[in-house]
Amino acid sequence: EVQLVESGGGLVQAGGSLRLSCAASGFTPDVNGIGWFRQAPGKEREGVSCTSTSDGSTIYADSVKGRFTSSIDNAKSTVYLQMNSLKPEDTAIYYCAAAPSDCVAGDFGSWGQGTQVTVSS
């Protein structure tokens, strides 16, 4: 039901930074968690982070912990993913998704179209 649009992807050298945005049509009681996922060529989709729309807290995958930071602007119904110290292995299409339950439940039902992140070595 909720519409999601990612933006901010691009080409960057290793060690550089990018900031992704996930703009939602609206945060309602049916949207309690916003997750970031990524899928690299030939690889399975993996979870990156999940942010609670109620308190803004975020959990991160071990592979990005300490390098990526997610934040939320409830007024703009937007979640951001600041990516620092990027590595070539971070290259992937990044998607955001909305869950009607919390991040622990992980019942993501609505997905954005994705934005490409390419990190060169």
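For the structure, check the block above.
### Re the state of the cysteines
Part 1 of the reasoning: One pass over the structure, following the stated rule, counts 2 disulfides.
Part 2 of the reasoning: Between C50 and C103 runs a disulfide, and the two sulfur atoms are separated by 2.1 Å. On the S-S bond that ties C50 to C103, the torsion sits near -80°, and the link is left-handed. Of the two residues, C50 sits in strand β5 (residues 46–52) while C103 sits in the loop between β9 (92–99) and β10 (110–111), which places them 53 residues apart along the sequence.

### Re the packing of aromatic side chains
Part 1 of the reasoning: Enumeration over the complete set of coordinates arrives at 3 aromatic pairs.
Part 2 of the reasoning: Taking 5.0 Å as the distance between ring centres and 85° as the angle between the ring planes, the aromatic pair formed by F37 and F108 counts as edge-to-face. Within this pair, whereas F37 is found in strand β4 (residues 33–39), its partner F108 is found in the loop between β9 and β10, the two being separated by 71 residues in sequence.
Part 3 of the reasoning: Every member of this aromatic cluster is reached through a ring pair, and the members are F37, F108 and W111.

### Quick notes on the layout of surface pockets
Part 1 of the reasoning: The space that makes up the largest pocket amounts to roughly 180 Å³.
Part 2 of the reasoning: Around the largest pocket, the lining residues are E1, V2, S25, G26, T28, D30, V31, A98, A99, P100, G109 and S110.
Part 3 of the reasoning: The residue inventory of the lining of the largest pocket, partitioned by class, reads 5 nonpolar, 5 polar and 2 charged.

### Observations concerning the side chain of T53
Part 1 of the reasoning: Along the chain, T53 turns up in the loop between β5 and β6 (58–60).
Part 2 of the reasoning: Using a relative accessible area of 10% as the deciding quantity, one classes T53 as buried.
Part 3 of the reasoning: One polar contact links the side chain of T53 to the main-chain carbonyl oxygen of V31, over a distance of 2.9 Å.

### Things to note about the environment of D107
Part 1 of the reasoning: Among the secondary structure elements, D107 is positioned in the loop between β9 and β10.
Part 2 of the reasoning: If we ignore the near neighbours within four places in the chain, the residues touching D107 are A98, A99, P100, S101 and D102.
Part 3 of the reasoning: Of note is the side chain of D107, whose polar atom sits 2.9 Å from the side chain of S101.

The rules behind the values
- Residues numbered from 1 in each chain as written.
- Predicted model: local features only at pLDDT ≥ 70, side-chain atom pairs only at ≥ 80, totals over all residues.
- Heavy atoms only, no water.
- Disulfide = S-S within 2.5 Å.
- Helix = DSSP H or I, 4+ residues; strand = E, 2+ residues; numbered from the N terminus.
- Phe/Tyr/Trp six-rings, centres within 6.5 Å; stacked < 30°, edge-to-face > 60°.
- 1 Å grid on protein atoms, 1.4 Å probe; cavity = no way out; pocket = protein on both sides within 12 Å on 5 of 7 lines; lining within 4 Å.
- Points joined across faces, edges and corners; volume = space filled by probe spheres on them.
- Nonpolar A, V, L, I, M, F, W, Y, C, P; charged D, E, K, R; others polar.
- Buried < 20%, exposed > 50% of the residue type's maximum accessible area, 1.4 Å probe, protein only.
- Polar contact = N/O pair within 3.5 Å; in protein donor to acceptor, adjacent residues only side chain to side chain.
- Contact = heavy atoms within 4.5 Å.

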